[in-house]
Each structure stands twice: as C-alpha cells, then as structure tokens.
Amino acid sequence: MALTTALMNSASLRGRCCRHNFFLPLIGPLLSGSMSKPYSSYRRPGSQPEKKTSWKNVDLSFKNIFEFLKTQLSLLKEESKEYLIGPGGRPLNEYLLEQTKVVWEFRSQEDLNKWVISSDVEIGGKSEVYLKLGRNNQAALLYGTLNTEVPRDGETKYSGYCSMRAKPLVGSFARRKYYDWSNFNSLYLRVRGDGRPWMVNIYTDPYFSHQKDDLYNYFMFTRGGPYWEEIKIPFSKFFLSSRGRVQDSQHPIWLDKASFLWAICTLGFTIGDKVDGPFQLEIDFIGLLNDRAHTEEFAYEMYEKNPKV
C-alpha cells in the first residue's frame, strides 16, 4: 500500500500540467483524510511537516469499498440520466431560452456547507471571519474583524484579508465538474453590506500548472444602510490576475465548461481594503443573468501577440 500511495503521488506530480489524472479520481475518495486537503495545505514557515504516513489512514476493508462503489455508481446513474435529458438535466429548449438562473442561495445550513471561509490566520495573521445564516434563515451572513498587523515570522510582508469561497463541484468517482455559463453574460447578486468594498473572484481550473494561481476579479461596492441592493456585474468587466497582480495579457473569461485551457470551477468574495475593524456582508442569492442590452465583449485592451510587420 505504501508503494501504491508513493506511485500515485509521483504520478500526480509528473502530470500536474494535465487537468485530469487517471488513477486519482477512481480511488481518491478512499484516501479522504489521508491526502492533503485543498483548503488546508498551507504550512507556516518553520513548522514541522506531518510525520504520519498517509497510507496508515486508509481503510480498505471490503465493507468500505462496497459502500464507496454503491454510492459512486448511484451518482453516475443520476448524472447519466441528466445527460440524456439535456444540458444540466433540462430539455434543450428550456436551456436555450433561459434568461436567469440562481446558482447559490442561502436558506439552510446545507447551503452554507457548500462554502468555506478563510483569513490571514493561515499565514499567522489576526483577522477573524465567520459565516452563519441570517435572520429568518433567508440569507448568509459573513462577518468578522479585519486586522492588518503583519505576523512576525520574517517572511510575510502583508496581511489583513478574509474570504469566502464556494466548494468546487464534484461528480461521481471524485471527478471535478465545471460550470457552464455560456448562456449568460452577467453575474447577478442580491446583497446588503456595510459600505466596504469587496472583490468578486472567479476561479478557473487551468490546463497548465503555471496558471494555477490565475483568477478573474472585479470590484463590488456596497453602500451600507438597511436596504438590500441588487448588483449586476457583466463578465466582460472581470480582469485576469495572478497572485494579486493584474496581468498585462488580458483575455475574457471562457464561460463554456468544455473549454480546453480554462474552465470555471468556483466563485468567491474577498475583503482586504487595509482598514482595521469589523465588517459584515449579507448575501441573499448569487445568480446569472442574460442581459440582451449588454453587448460588450471585453472591457480591456488586448495586445496582439504576433503583430504583422
């Protein structure tokens, strides 16, 4: 078993430039808890790595394997039914005529479990962030305290951020699934904030490993006060960044999940306005809109990489 785990890890490292590995999606769920988690893989400078080998945490009993196969095959059966009906499990005529769509709403604890929160505590900061259901279970309440004090570890230069991100879609046999937003041209939200600015982030799953930190951003300004506001952000306004730096070479988001180089895997919100103090954001729903009046393809200048002389 140790040899099997070692081979999987080495194969994953060699094939990291490819989005789809062959063996990992098949037996990945059996190794849950023994492999690194996507939101907790950061290790503070100077801290000791985990010494316990991963293969000792794997339960390969016959009962566990049987339950795993039963669950995954049932998920595969439901996915096959949806595929035969049409895109997203709906008839083709409904899919093509759809003008609005709610992707995330917050009415129960199950809806909140689809999201994860993080802050600069992961790098030694002191910011705090919490997520709970709002009044009458009609919205998600994201709140906390921002603290820009830099940790004294000799390496970190900036601190003071909190974020909330949706968990990526997972299909049968731990296959990564992607969103198909090609029928829409705008992101549509109903929120109530405290007047502080937020960054809306769209995460993609790139094909090449050197693009793993690429994401699309745009600003969301809340006005504060007791009233809800409906915000529409065209996808043409999102700009490409990597590790917090706006890239010179810009290109629009590829909204089709069949995209070869980029595919949308999740969405999130980040606050980091360098102002210490409490913050609060209520989110009723996050959806998509096909605005026929919006005809802009991309809002930013695109450079011709191979100009003709």
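Our subject is the structure listed above.
Notes on the structure follow.

Conventions used here
- Along every chain, residues carry numbers that run from 1 in the direction the sequence is written.
- Residue-level local features of this predicted model are given only where pLDDT is at least 70; pairs of side-chain atoms are given and counted only at 80 or more, and the full residue set underlies all totals for whole chains, interfaces and linings.
- Side-chain metrics rest on all non-hydrogen atoms present in the structure, leaving aside hydrogens and water.
- Put simply, a salt bridge is a Lys or Arg side-chain nitrogen that is within 4 Å of an Asp or Glu carboxyl oxygen.
- Under the scheme used here, helices are H or I runs from DSSP no shorter than 4 residues and strands are E runs no shorter than 2 residues, and both carry numbers assigned from the N terminus.
- Remark: exposure states derive from per-residue accessible area (1.4 Å probe, protein chains only) relative to the maximum for the residue type, with buried under 20%, exposed over 50%, and partly exposed in between.
- Two strands are said to pair when DSSP picks up at least two bridges between them.
- Only buried residues count toward a nonpolar core, which is a set of Ala, Val, Leu, Ile, Met, Phe, Trp, Tyr and Cys residues joined through side-chain atoms within 4.5 Å.
- Contacts between residues were defined by any pair of non-hydrogen atoms, one from each residue, lying within 4.5 Å.
- An expected span of 1.5 Å times one less than the residue number is assigned to each helix.

Some details on the pattern of salt bridges
No. 1: Under the defined criterion, the tally for this structure stands at eleven salt bridges.
No. 2: In this structure, the salt-bridge partner of Arg 243 is Asp 213, at a minimum N-O distance of 2.7 Å. Separated by 30 residues along the polypeptide, Arg 243 in the loop between β10 (239-242) and β11 (245-246) and Asp 213 in the loop between β7 (197-204) and β8 (214-221) bring together distant segments of the chain.
No. 3: By relative accessible area, which is 26% here, Asp 213 ends up partly exposed.
No. 4: Because the salt bridges share partners, they merge into one network encompassing Arg 107, Arg 190 and Asp 284.

Section: the sheet that holds β8
Either a parallel or an antiparallel arrangement is found when strands of a sheet pair, and the pairing is made through backbone hydrogen bonds.
No. 1: Judged by pairing direction, the sheet is antiparallel, and its seven strands sit side by side in the order β2-β5-β12-β7-β8-β10-β11 without closing on themselves. Two strands lie at the open edges of the sheet, namely β2 (115-119) and β11, each paired on one side alone.
No. 2: Pairing geometry for β10 and β11, over two bridges, is antiparallel. Residue pairing across strands places Ser 241 opposite Val 246, the latter belonging to β11.

What about the nonpolar core?
The nonpolar side chains of soluble globular proteins are, as a tendency, buried together.
No. 1: Grouped together as the largest cluster of nonpolar side chains are 39 residues, with contacts concentrated most on Trp 181, Leu 187, Leu 267, Phe 269 and Ile 286.
No. 2: Counting residues per element, this core draws most heavily on strand β13 (residues 277-289), at five residues.
No. 3: Excluding residues that lie within four positions of it along the chain, Leu 267 makes contacts with Trp 104, Trp 115, Met 164, Arg 165, Ala 166, Trp 181, Leu 187, Val 200, Asn 201, Ile 202, Tyr 203 and Ile 286.
No. 4: Among the nonpolar cores identified, the runner-up in size contains five residues, and Tyr 178, Tyr 203, Ala 263 and Cys 265 belong to it.

So, helix α3 (residues 62-85)
In an α-helix there are 3.6 residues to a turn, and that puts residues three or four apart on one side.
No. 1: Over its 24 residues, α3 extends 35 Å from the first C-alpha to the last, a length consistent with the 34 Å expected when each residue adds 1.5 Å.
No. 2: Listed in full, the buried residues belonging to α3 are Phe 68, Gln 72 and Glu 79.

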